[in-house]
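# Notes for the structure review
For reference, the chains in residue letters:
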Amino acid sequence: MGWRADAAYEKSEREEWRRFIAVQPLWRRVYIRAWRWVVVAAVAVVVVGPLAVGIIRSLF
């Protein structure tokens with residue numbers, strides 16, 4: 001696939017996701033967004049955690 005087809009596909013996926021979220025009840029939207037942030041935070045802990053521990057250990 002060319003880059004234009006890729007861009008069109010991604011745009012349609014974003015639009016489909018936007019429509020899906022728009023029809024969800026308020027609490028479901030909050031849950032979906034909160035769950036996304038939980039996943040992002042977990043990945044950040046796994047990636048940055050060892051680096052932070054190494055920095056803290058080197059200070060003491």
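A brief structural summary. (Residues numbered from 1 in each chain as written. Predicted model: local features only at pLDDT ≥ 70, side-chain atom pairs only at ≥ 80, totals over all residues. Heavy atoms only, no water.)

### Re the environment of arginine 29
Defined as follows: Runs of H or I in DSSP of at least four residues are treated as helices and runs of E of at least two as strands, each being numbered from the N terminus. Partly exposed describes any residue whose relative accessible area lies between the buried limit of under 20% and the exposed limit of over 50%, with all areas from a 1.4 Å probe on protein chains only and scaled to the type maximum. In this analysis, two residues are considered to be in contact whenever any of their non-hydrogen atoms come within 4.5 Å of each other.
Relative to the assigned elements, arginine 29 resides in helix H2 (residues 26–59). What makes arginine 29 partly exposed here is its relative accessible area of 24%. When the C-alpha atoms of arginine 29 and glycine 2 are compared, they prove to be 34 Å apart, with 27 residues separating the residues in sequence. For arginine 29, the residues in contact, after removing those within four places along its chain, are Ile21, Ala22 and Gln24.

### Digging into the packing of helix H1 (residues 3–23) against H2
What counts here: Here, axes are lines fitted to C-alpha atoms. For helices the fit covers the stretch in contact, and angles between N-to-C directions go from 0 to 180 degrees. Any angle between 65 and 115 degrees counts as roughly perpendicular, while under 35 counts as roughly parallel, over 145 as roughly antiparallel, and the rest as oblique. Gly is placed with the polar residues, together with every amino acid not listed as nonpolar (Ala, Val, Leu, Ile, Met, Phe, Trp, Tyr, Cys and Pro) or charged (Asp, Glu, Lys and Arg).
Contact geometry of H1 with H2 gives a least axis separation of 9 Å together with a crossing angle of 130°. Looking at the two axes, H1 sits oblique to H2. Facing H1, whose interface residues are Trp17, Phe20, Ile21 and Ala22, H2 presents Arg29, Ile32, Arg33 and Arg36. Here the residues of the contact of H1 with H2 sort into 5 nonpolar, no polar and 3 charged.

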